[in-house]
Amino acid sequence: MNRKRLVLLLMMLIAATFTTGCWDKRELNEMAIVSAVGLDRSKEGKLVGTFQIINPGNVAGALQGGGGSNPPISIYRATGDNVLELDSIASTKISRDMYFAHANLVVIGEELAKEEGLNNIFDAFERSPEFRGTTRVVIARGVKAKDIVETLTAIDKVSAEKVIRTIETTEKTQGKSISINLQEVIKNLLSTGKEPIISGFTVRGNKGKEDKMENTMSSDIEANPIAAGIGVFKDGKLIDWLDGDKALGSMWVLDRIENAHLNLDWEGEKEAITYSVIRQKTNIGAKLVNGKPKISIKVRAEGDIREVNVPLNLTDMHVLIDIEKKLAKDLKKEMEDAIVRAQKNKSDIFGFGELMHESHPKEWKKLEKNWDDDTFPKLAVDVQVETFIRRTGLRNKPYLSNLKKDEQ
């Protein structure tokens, strides 16, 4: 028995010898927590980095109702030849080690995205052991990336969170933005059958006030960062912007719609009926017809009538069927217009090439080389849409019908 105990004690001592403990620990007060990174190109051709650092005490005070006049973030800038050099130079200006594990936003300047592209920029982020693949990416449209990163916001104290939540909300309610992360962008950059798209973001209002505390101390925000369309890429470079119906049509093809509102013209009245999508599904198939690729898209959407600005009898089944047909027709046109725009850009943002690769791998080997520049622009795409009205709200017959009768 004593011998067994001696062996056990010896094993425990050996195990303790190989236990390293927290040899690489870093205390919180030794780190500068980076929440966002902005990248621009200077007039001299240098890469300019803007780093948004969280001030933990000021954020906590602001959330508790205090906070005073101290900003919840600090901004540090650096200029260099590459991303890694920016990190090194910025670190010399800060009394703490820059920590990127909580960086949840990368902002790329529009000029940089157009002229140089993303390929070289994202290599450093992907290799970093701290940087997460779930970090969101946006393009600064019409402004510098630093203008987005420096902005102070009222409700979301850390403005990186404001950008992310705005993009997510715009995608869900309007379908005119897309929330995409670093890992997804890199995957699409590497794919020969799909090009990336990235949401744009800009600052509206008094652009000289976005980095001032008084911008957060008024109910009327002077400089407000807002979502601004979807950027289209080809070979890693920004080539076009999608706005309005083109952006919405693209999101329908990509099956990214959640609960967007569709406005329908009726009897000469613009946007007379509002249809709110409650569920939808886009199915895409790829096939070969006489040796040529063809894409078929089928959309099924269900929703409610949320607003009617013309006299209509919504208890009449024939009226509802006519509305459903008009909705399907308009939605089909939006999707077809978005596809034509992508084909003109020679940028397969929908991943039709990836789908062809999965369904016809042998034929894809022949199509892959000239897909974007030759096959995709001429690709036959058939779009079919079905829409269904499930509810018409608490009132079946708009009160406008009674107002029209009173006027007569």
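Residues numbered from 1 in each chain as written. Predicted model: local features only at pLDDT ≥ 70, side-chain atom pairs only at ≥ 80, totals over all residues. Heavy atoms only, no water.

**Description of the overall build of the protein chain**
Part 1 of the reasoning: Scanning the protein chain for helices and strands turns up 14 helices and 13 strands.
Part 2 of the reasoning: Evaluated residue by residue, the protein chain yields a buried proportion of 45% over its 408 residues.
Part 3 of the reasoning: Accessible surface, the protein chain as shown: approximately 21,900 Å² in total, 49% of it carbon and sulfur. (Helix = DSSP H or I, 4+ residues; strand = E, 2+ residues; numbered from the N terminus. Buried < 20%, exposed > 50% of the residue type's maximum accessible area, 1.4 Å probe, protein only. Areas by Shrake-Rupley, 256 points an atom, 1.4 Å probe, with all protein chains shown as cover.)

**A short note on the nonpolar core**
Part 1 of the reasoning: Counting residues in hydrophobic clusters, the biggest one holds 51 residues, and the most contacted among them are W252, I297, L312, I323, M335 and F352.
Part 2 of the reasoning: It is helix α10 (residues 317–345) that contributes the most residues to this core, nine residues altogether.
Part 3 of the reasoning: With near-sequence residues (within four places) excluded, M335 lies in contact with G249, W252, V253, I297, V299, V383 and V385.
Part 4 of the reasoning: Membership of the second largest hydrophobic core comes to 34 residues, among which are A32, L118, F131 and I198. (Core = buried A, V, L, I, M, F, W, Y, C linked by side-chain atoms within 4.5 Å. Contact = heavy atoms within 4.5 Å.)

**Observations concerning the sheet that holds strand β13 (residues 380–391)**
Part 1 of the reasoning: Read across the open sheet, the four strands follow the order β10-β11-β12-β13; overall the sheet is mixed. The strands lining the two open edges of the sheet, one partner per strand, are β10 (261–266) and β13. Here the strands of the sheet are splayed against their neighbours by 35 degrees on average, with no regard to which way each runs.
Part 2 of the reasoning: In the sheet, β10 pairs with strand β11 (residues 269–289) via five bridges, with the strands oriented antiparallel. Counted as the bridge partner of L262 is Y275 from β11. (Pairing = 2+ DSSP bridges. Axes fitted to C-alpha atoms, helices over the stretch in contact; angles between N-to-C directions.)

**Notes on the packing of aromatic side chains**
Part 1 of the reasoning: Here the structure, examined in full by the defined rule, presents seven aromatic pairs.
Part 2 of the reasoning: Arranged with centres 6.3 Å apart and planes meeting at 50 degrees, the rings of F352 and F376 form a pair that is tilted. Here F376 lies in the loop between α13 (371–375) and β13 and F352 lies in helix α11 (residues 352–359), a separation of 24 residues in the sequence. The burial state of F352 is the same as that of F376; both residues are buried.
Part 3 of the reasoning: Ring-pair connections join several aromatic residues into one group, and the members of that group are F51, F100, F122, F125 and F131. (Phe/Tyr/Trp six-rings, centres within 6.5 Å; stacked < 30°, edge-to-face > 60°.)

**Topic: the confidence of the model for the protein chain**
Part 1 of the reasoning: Looking at the protein chain as a whole, the pLDDT averages 84, with 84% of positions reaching at least 70.
Part 2 of the reasoning: The lowest-confidence element of the protein chain is helix α14 (residues 400–407), averaging 51 in pLDDT; the highest-confidence one is strand β9 (residues 237–242), averaging 96.
Part 3 of the reasoning: Low pLDDT, under 50, characterises residues 61–67; the stretch is placed with six contacts to residues that sit more than four places away or in other chains. (pLDDT = per-residue confidence, 0-100.)

**Thoughts on the packing of helix α5 (residues 119–127) against helix α8 (residues 182–190)**
When two helices pack together, their arrangement is given by the angle between their axes and by how far apart the axes lie.
Part 1 of the reasoning: Between α5 and α8, whose axes approach to 11 Å, the crossing angle comes to 130 degrees. By the angle between their axes, α5 is oblique relative to α8. Between α5 and α8 the crossing geometry is left-handed. Between α5 and α8, the contacting residues are N119, F122, F125 and E126 on the first element and L182, V185, I186 and L189 on the second.
Part 2 of the reasoning: When the residues that make up the contact of α5 with α8 are grouped by side-chain class, the tally is six nonpolar, one polar and one charged. (Parallel < 35°, antiparallel > 145°, perpendicular 65-115°, else oblique. Left-handed = near helix turned anticlockwise from the far one by under 90°. Nonpolar A, V, L, I, M, F, W, Y, C, P; charged D, E, K, R; others polar.)

**What about the packing of helix α9 (residues 244–253) against α10?**
Part 1 of the reasoning: Where α9 meets α10, the axes come as close as 8 Å, and the angle between the chain directions of the two elements is 95 degrees. On the basis of the axis angle, α9 is roughly perpendicular to α10. Contacts between α9 and α10 involve D245, K246, L248, G249, S250, W252 and V253 from the first element and L331, E334, M335, D337, A338, I339 and R341 from the second.
Part 2 of the reasoning: Tallied by class, the residues present in the contact of α9 with α10 amount to seven nonpolar, two polar and five charged.

**Let's talk about the environment of F125**
Part 1 of the reasoning: Tracing the backbone shows F125 in helix α5.
Part 2 of the reasoning: Residue classification places F125 among the buried positions, given a relative accessible area of 5%.
Part 3 of the reasoning: Those residues in contact with F125, other than ones at most four positions away along the chain, are V37, L39, V83, V106, F131 and L182.

**Observations concerning the side chain of K162**
Part 1 of the reasoning: In this fold, K162 is placed in helix α7 (residues 159–173).
Part 2 of the reasoning: At 3.5 Å, the side chain of K162 forms a polar contact with the backbone oxygen of P225.
Part 3 of the reasoning: If we skip the residues at most four places from it in the chain, K162 touches T153, D156, N224 and P225. (Polar contact = N/O pair within 3.5 Å; in protein donor to acceptor, adjacent residues only side chain to side chain.)

**Observations regarding the side chain of S199**
Part 1 of the reasoning: Within the element layout of this structure, S199 appears in strand β7 (residues 197–205).
Part 2 of the reasoning: Among the polar contacts listed, one links the side chain of S199 to the backbone nitrogen of I178, at a separation of 2.6 Å.
Part 3 of the reasoning: Discounting chain neighbours no more than four positions away, the residues touching S199 are V138, I139, I167, S177, I178, G229 and I230.

**Observations regarding α11**
Part 1 of the reasoning: Buried within α11 we find F352, G353 and M356. Buried residues of α11, seen end-on, are gathered within an arc of 100 degrees and therefore sit on one face of the element.
Part 2 of the reasoning: On its buried face, α11 is in contact with α9, β11, β12 (292–308), α12 (361–367), α13 and β13. (Arc of directions from axis to C-beta.)

**Re the pattern of salt bridges**
Part 1 of the reasoning: Per the stated rule, a full pass over the model turns up 23 salt bridges.
Part 2 of the reasoning: In this structure, R256 and E171 form a salt bridge, with 3.0 Å as the shortest nitrogen-oxygen distance. Of this pair, R256 sits in the loop between α9 and β10 while E171 is found in helix α7, placing the two residues 85 residues apart along the sequence.
Part 3 of the reasoning: Between K326 and D330 there is a salt bridge; the shortest N-O distance is 3.0 Å. Residue K326 and its partner D330 are both found in helix α10; the two are separated by four residues, about one turn of the helix.
Part 4 of the reasoning: Classification of D330 by relative accessible area gives partly exposed; the value is 27%.
Part 5 of the reasoning: Taken together, the shared-partner salt bridges in this structure form one network comprising R279, R300, E302 and R390. (Salt bridge = Lys/Arg side-chain N within 4 Å of Asp/Glu carboxyl O.)

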